[in-house]
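Commentary on secondary and tertiary structure
Spelled out, the chains give:
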Amino acid sequence: IKDLATVFFYMLVAIIIHAIIQEYVLDKINRRMHFSKTKHSKFNESGQLSAFYLFSCIWGTFILISENYISDPTILWRAYPHNLMTFQMKFFYVSQLAYWFHAFPELYFQKTKKEDIPRQLVYIGLYLFHIAGAYLLNLNHLGLVLLVLHYFVEFLFHISRLFYFSDEKYQKGFSLWAVLFVLGRLLTLILSVLTVGFGLARAENQKLDFSTGNFNVLAVRIAVLASICITQAFMMWKFINFQLRRWREHSAFQAPAVKKKPTVTKGRSSRKGTENGVNGTVTSNGADSPRNRKEKSS
């Protein structure tokens, strides 16, 4: 409970850093590019998130390497509960919670549109729910791996969107992101089932104990897997709808215009049209054609 004061302090730090990036980086780019209001808000959102995702991804990867998570994957579930954390691990989680809590007052500071607020609240709430869940249930090893994986994919999306705003012909980043997004969801499910469904399920100590921080019981494992699976399914559903909308817009833009065929009228009007020229236009030598001269001589 004492961590709440630390989270609140670093939430204020995150608000200050957010304002510095906005004023000294993003606002200067916006003045040069002359974006519309819609692009302006999306550019600011992607600029802030890409900086945060890049920093968190590098920081989390450094922790994974220093703690030997990559060389020994069994550390994800071995010796649970992981209630003793190194300083950098604890500081990472405190910073993550502080950043996503700071996103609530930023909705007011950035003057977010009313129609965009529900979408923002949903994904802020999902981040806080999963990060706080991993922190409180002592699943910080698994949470760190999943966060680094997710942040890398999200960083690629937002950096691709920044390049797209500068040049709308840029589409390669979105194609790479689409592939990595699907792979990221599969890896998230595999690691979660491997850690919670197999690793923790075979552990010897499976008794609920709040004093030691042991939550390795069947009900908690089912709740953790259910929340992860539901979230991944929700993200895939949003992803499929996004791709279908892009495909429809692209096909409608690329559809060739239907050319109207010239209608040929019957009778004298058609003959007159052919004599006078192409499509009813009078040719320069139409009045002096050899046929007309013959008729005059006769």
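Note that the coordinates shown come from a computational prediction; the quantities given were computed from them, not determined experimentally. (Residues numbered from 1 in each chain as written. Predicted model: local features only at pLDDT ≥ 70, side-chain atom pairs only at ≥ 80, totals over all residues. Heavy atoms only, no water.)

Focus: the pattern of salt bridges
- Under the defined criterion, the tally for this structure stands at 4 salt bridges.
- Note that Asp-3 and Lys-90 form a salt bridge whose closest N and O atoms lie 3.0 Å from each other. Within this pair, whereas Asp-3 is found in helix α1 (residues 3–33), its partner Lys-90 is found in helix α3 (residues 87–109), the two being separated by 87 residues in sequence.
- Accessibility expressed as a relative area gives 24% for Asp-3, which makes it partly exposed.
- With a relative accessible area of 32%, Lys-90 lands in the partly exposed category. (Salt bridge = Lys/Arg side-chain N within 4 Å of Asp/Glu carboxyl O. Helix = DSSP H or I, 4+ residues; strand = E, 2+ residues; numbered from the N terminus. Buried < 20%, exposed > 50% of the residue type's maximum accessible area, 1.4 Å probe, protein only.)

Section: a positive patch on the surface
- A cluster of basic side chains, namely Lys-37, Lys-42, Lys-113, Lys-238, Arg-245 and Arg-248, defines a positive patch on the protein surface.
- Secondary structure elements with two or more residues in the positive patch: α2 (37–66) and α7 (218–254).
- In terms of residues, the positive patch owes the most to one element, α7, which gives 3 residues.
- With respect to the helices, strands and loops of the structure, Lys-42 is situated in helix α2. (Patch = residues over 30% accessible without salt bridge, like charges linked within 9 Å, V, L, I, M, F, W, Y side chains within 5 Å. Areas by Shrake-Rupley, 256 points an atom, 1.4 Å probe, with all protein chains shown as cover. Lys, Arg positive; Asp, Glu negative; His and termini not counted. Charge placed at Lys NZ, Arg CZ, Asp CG, Glu CD.)

Topic: a nonpolar patch on the surface
- The grouping of Ile-16, Ile-20, Tyr-24, Val-25, Ile-29 and Met-33 at the surface amounts to a nonpolar patch, some 550 Å² of accessible area in total.
- Among the structural elements, Ile-20 can be located in helix α1.

Focus on unusual backbone geometry
- Along the chain, Tyr-80 connects to Pro-81 via a cis peptide bond; the corresponding omega equals 10 degrees.
- Checked against the element boundaries, Pro-81 lands in the loop between α2 and α3.
- Of note in the backbone geometry, Asn-68 takes a positive phi value of approximately 60 degrees without being a glycine.
- Among the structural elements, Asn-68 can be located in the loop between α2 and α3.
- Residue classification places Asn-68 among the partly exposed residues on the basis of a relative accessible area of 45%.
- Its identity as a non-glycine residue notwithstanding, Ala-79 has a phi of 60 degrees, on the positive side.

Overview of the UniProt feature "transmembrane region" (unreviewed entry) in the protein chain
- Sequence positions flagged by UniProt for "transmembrane region" (unreviewed entry) are, in local numbering, residues 6–26, 47–71, 91–109, 121–138, 144–164, 176–198 and 218–240.
- Taken end to end, residues 6–26 comprises 100% helix and 0% strand; its first and last C-alpha atoms sit 28 Å apart.
- A distance of 30 Å separates the end C-alpha atoms of residues 144–164, which is 100% helix and 0% strand. (UniProt positions renumbered as here; feature names shortened; annotations may be inferred.)

Here's the deal with α7
- With 37 residues, α7 should cover 54 Å at 1.5 Å per step; its first-to-last C-alpha distance of 53 Å lies within 8% of that length.
- Those residues of α7 that are buried lie in contact with α4 (117–136), α5 (140–166) and α6 (172–199). (Expected span 1.5 Å × (residues − 1). Contact = heavy atoms within 4.5 Å.)

So, the packing of aromatic side chains
- All told, the structure shown has 33 aromatic pairs when counted by the stated rule.
- Both rings, one in Trp-177 and one in Phe-242, keep their centres 5.9 Å apart while their planes meet at 80 degrees; by these two values the pair is edge-to-face. Separated by 65 residues along the polypeptide, Trp-177 in helix α6 and Phe-242 in helix α7 bring together distant segments of the chain.
- For Phe-242, a relative accessible area of 21% corresponds to the partly exposed category.
- With a centroid separation of 4.6 Å and an interplanar angle of 20 degrees, the aromatic rings of Phe-181 and Phe-239 are classed as stacked. Here Phe-239 lies in helix α7 and Phe-181 lies in helix α6, a separation of 58 residues in the sequence. Accessibility classification places Phe-181 together with Phe-239 in one group, the buried group. (Phe/Tyr/Trp six-rings, centres within 6.5 Å; stacked < 30°, edge-to-face > 60°.)

Focus: α1
- With 31 residues, α1 extends 42 Å from end C-alpha to end C-alpha; this agrees with the ideal 45 Å at 1.5 Å per step.
- Where α1 is concerned, the buried positions are Val-7, Met-11, Ala-14, Ile-15, His-18, Gln-22, Leu-26 and Asn-30.
- Against α2 and α3 lie the buried residues of α1.
- Immediately beyond the C-terminal end of α1, within one or two residues, lies His-34, with a positive phi of roughly 55 degrees.

Quick notes on the side chain of Asn-216
- Position of Asn-216 relative to the elements: it lies in the loop between α6 and α7.
- Given the relative accessible area of 1%, Asn-216 is considered buried.
- At a separation of 3.5 Å, a polar atom in the side chain of Asn-216 contacts the main-chain carbonyl oxygen of Asn-205.
- Beyond its immediate sequence surroundings of up to four residues, Asn-216 is in contact with Tyr-80, Leu-200, Ala-203, Asn-205, Gln-206, Lys-207 and Arg-221. (Polar contact = N/O pair within 3.5 Å; in protein donor to acceptor, adjacent residues only side chain to side chain.)

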